[in-house]
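A structural walkthrough
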Amino acid sequence: MKTTIKILSLLFIAVFTLASCSKDDDPADNDLFIGKYEGTVSFKSTKDGDTDVPSTNGSVTVTKIGDTYSFNFSNGIPSIKDITMKKGDNNTIMFSDNGIGTITVTASNLSVAFTKDGRGWLADCKR
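Residues numbered from 1 in each chain as written. Predicted model: local features only at pLDDT ≥ 70, side-chain atom pairs only at ≥ 80, totals over all residues. Heavy atoms only, no water.

1. Some thoughts on the overall build of the protein chain
For the protein chain, the count of helices and strands is one helix and eight strands. When its helices and strands are written in sequence order, the protein chain yields α-β-β-β-β-β-β-β-β. The burial tally for the protein chain puts 30% of its 127 residues in the buried class. Residue pairs at least 24 apart in sequence account for 44% of intrachain contacts in the protein chain once pairs closer than 6 positions are excluded. As displayed, the protein chain has an accessible area near 8300 Å², and 57% of this comes from carbon and sulfur atoms. (Helix = DSSP H or I, 4+ residues; strand = E, 2+ residues; numbered from the N terminus. Buried < 20%, exposed > 50% of the residue type's maximum accessible area, 1.4 Å probe, protein only. Contact = heavy atoms within 4.5 Å. Areas by Shrake-Rupley, 256 points an atom, 1.4 Å probe, with all protein chains shown as cover.)

Structure, rendered in structure tokens:
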């Protein structure tokens, strides 16, 4: 009887643990992706007044207000703001409002390749 109780207890713990872990975390559902990512960043622009930043070590801080995200770059690189992530995009966004590119964000990695209005942002960062 004790063996049966032990086996059932272990089975319950295993099922509970596996059910609580999700590999399908989505930025639209939670704040798991907020924070600072460090790695390689760069910026190139054809707009007057912007300063190009060649590929260098830097960081990107991800913030969320309501349903919109902002990606705040270090090294004097302008921020990417008011990005809405839709549920089910598998953590990747493709843009259409005068911009094109992707942002892939997980709990440990951030990848940015985005252009808009003659400006281009690149980042390959980790936490």
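That shown, we press on.
2. Observations regarding the packing of aromatic side chains
With the rule as written, the count across this model stands at two aromatic pairs. Summarising the aromatic geometry, the rings of Phe114 and Trp121 are spaced 5.6 Å apart at their centres and angled 25° between planes, so their arrangement reads as stacked. Here the two residues Phe114 and Trp121 agree in accessibility, since each one is buried. Among the aromatic residues, those joined into a cluster by ring pairs are Phe43, Phe114 and Trp121. (Phe/Tyr/Trp six-rings, centres within 6.5 Å; stacked < 30°, edge-to-face > 60°.)

3. Quick notes on the pairing of strand E3 (residues 68-73)
Two elements, strand E2 (residues 53-65) and E3, share six bridges in a ladder whose sense is antiparallel. Within E3, the position partnered with Thr61 by the bridge is Asn72. With three bridges connecting them, E3 and strand E4 (residues 80-84) associate as antiparallel partners. Bridge pairing in E4 links Tyr69 to Ile83. Taken together, E3 and the strand that follows it, E4, pair antiparallel across an intervening segment of six residues, in which Asn75 is found at a positive phi of about 65°. (Pairing = 2+ DSSP bridges.)

4. Quick word on the side chain of Ser70
With respect to the helices and strands, Ser70 occurs in strand E3. Taking relative accessible area as the criterion, Ser70 reaches 15% and is therefore assigned buried. Ser70 has contacts with Thr61, Val62, Thr63, Ile80, Lys81 and Asp82, leaving out every residue within four places of it along the chain.

5. Structural notes on the pattern of salt bridges
Counted by the stated rule, this structure contains three salt bridges. We note a salt bridge from Glu38 to Lys36, for which the minimum N-O separation is 3.9 Å. (Salt bridge = Lys/Arg side-chain N within 4 Å of Asp/Glu carboxyl O.)

By themselves, these observations are geometric and do not establish any function.
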